[in-house]
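So the chains spell out like this:
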Amino acid sequence: MASCGIICVKYLMFLFNLLFALTGLLILTVGAIIQSSYHHYSNFVDDTVWVAPILLIVVGSVVFIIAFFGCCGAFKESSCMVLTFSVFLIIIFLLEFGIGIAGYVKHGQLEEILEKGFNSTLHNYDKNRDSQHAWSLIQSELKCCGIQGPSDWEQVFHNSTLPNSCCEEIPFNISECTKEHALNSGCMPKLLELLRKNALILAGVGIGIAIVQLLAVCFACCLSRAFKQNYQAV
């Protein structure tokens, strides 16, 4: 018959597995939100930056499935299942740690990556429809104009002409957007600030999730040892 201590650890383990399943859903949701909300800015950002949200979706799905092993192991008092859960959990934790390091490295290179992407799409603006659509989208959504300001468009049009997305409103007596009515803020500083702000939020969420996962590993190891000792005693 299981001791009171084993029962206590068992139910605590079950509780932490529920929390662990929720962290999996949280990771998956965060990855999906990033992918859907900011992927249309991919023309301005290196493709490797968008690997992170895809990995978050995959990791979140795997974490949610692994939580099943922990719940079943705790419920059935299976030392093998609990141990399997612990091993998978450590692997996931190391994978998340690796994603975090990669994200930190990319965070430091973000300004350089954005500068390269913005310059490339600006120079291809009159030749590439995807670049035109990307610029129209980012200038309309972020309320900005050019890389650092409206003057950046001079190297494309070689005159005072600006894309219509540079103006929030065009007066009825004017056929096209001009510097006089254009937005003064550049798009690169705004996108950089947006990505850095979200990176800090992700870092905070990641630390919280890592703490829950480490606690789950500790409980899983204690529970596995308790099950072994209990059955040996019997």
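Values in this document were obtained by computation on a predicted structure and should not be read as measured data.

J.: Give me the overall build of the protein: which residues, what numbers.
T.: Scanning the protein from N- to C-terminus turns up six helices and zero strands. Secondary structure elements in the protein, listed N-terminal to C-terminal, are α-α-α-α-α-α. Put simply, the protein has 234 residues, and 39% of those count as buried. For the protein, the exposed surface amounts to about 13,100 Å²; the carbon and sulfur share of it is 65%.

J.: Describe unusual backbone geometry, listing the residues and the values that go with them.
T.: For Lys 143, which is not a glycine, the phi torsion comes out positive at approximately 55°. Within the fold, Lys 143 resides in the loop between helix H4 (129-142) and helix H5 (154-157).

J.: Please provide a residue-by-residue account of the state of the cysteines, values included.
T.: Counted under the stated rule, the structure contains three disulfides. Disulfide pairing is shown between Cys 144 and Cys 187; the S-S distance is 2.1 Å. Linking Cys 144 and Cys 187, the disulfide has an S-S dihedral of approximately 95° and is accordingly described as right-handed. Placement of the pair is Cys 144 in the loop between H4 and H5 and Cys 187 in helix H6 (residues 187-233), with a sequence separation of 43 residues. Under the relative-accessibility criterion, Cys 187 is labelled buried at 0%. The disulfide that involves Cys 167 links it to Cys 177, with 1.9 Å between the sulfurs. The chirality of the disulfide connecting Cys 167 with Cys 177 is right-handed, given an S-S dihedral of about 75°. Highlighted residues: Cys 167 in the loop between H5 and H6 and Cys 177 in the loop between H5 and H6, separated in sequence by ten residues. Using a relative accessible area of 0% as the deciding quantity, one classes Cys 177 as buried. Indicated for the protein is the disulfide connectivity 1-6, 2-3, 4-5, based on numbering the bonded cysteines in sequence order.

J.: I'd love a proper account of H4, names of residues and values included.
T.: For H4, spanning 14 residues, the distance from its first C-alpha to its last is 20 Å, which sits close to the expected 20 Å at 1.5 Å a residue. Among the residues of H4, Ser 131, Ala 134, Trp 135, Ile 138, Gln 139 and Leu 142 are the ones counted as buried. The buried residues of H4 occupy an angular sector of 120° when the element is viewed end-on, so they sit on one face. Exposed positions of H4 whose direction lies more than 90 degrees from the buried face are Arg 129 and His 133.

J.: Run through the side chain of Thr 121, naming residues and quoting values.
T.: Positionally, Thr 121 belongs in helix H3 (residues 79-123). Take Thr 121: its relative accessible area is 5%, and that puts it in the buried class. Of the polar contacts made by the side chain of Thr 121, one reaches the backbone oxygen of Phe 118; its length is 3.1 Å. What Thr 121 contacts, discounting residues up to four positions off in sequence, is Asn 43, Phe 44, Ser 131 and Trp 135.

What counts and how
Every residue gets a number counted from 1 within its own chain, in the order that chain's sequence is written. Since the coordinates come from a predicted model, pLDDT governs what is reported: local features require at least 70, and pairs of side-chain atoms require 80 or more to be given and counted, while whole-chain, interface and lining totals use all residues. To get the side-chain values, all heavy atoms of the structure are used, and hydrogens and water are removed first. Elements are defined by DSSP. Helices are runs of H or I of four residues or more, strands are runs of E of two residues or more, and each kind is numbered from the N terminus. Relative accessibility thresholds used throughout: buried, under 20% of the residue-type maximum; exposed, over 50%; partly exposed, between the two (1.4 Å probe, protein chains only). Shrake-Rupley sampling with a 1.4 Å probe provides the accessible areas, and residues are treated as covered by the protein chains on show and by no other component. When two cysteine sulfur atoms lie within 2.5 Å, the pair is treated as a disulfide. To estimate the expected span of a helix, subtract one from its residue number and multiply by 1.5 Å. The reported arc concerns the directions from the helix axis to the C-beta atoms and nothing else. Polar contact criterion, stated in full: a pair of N or O atoms within 3.5 Å, where within protein one must be able to donate a hydrogen and the other to accept it, and residues adjacent in sequence count only if both atoms are side-chain atoms. Should any heavy atoms of two residues lie within 4.5 Å, those residues are considered in contact.

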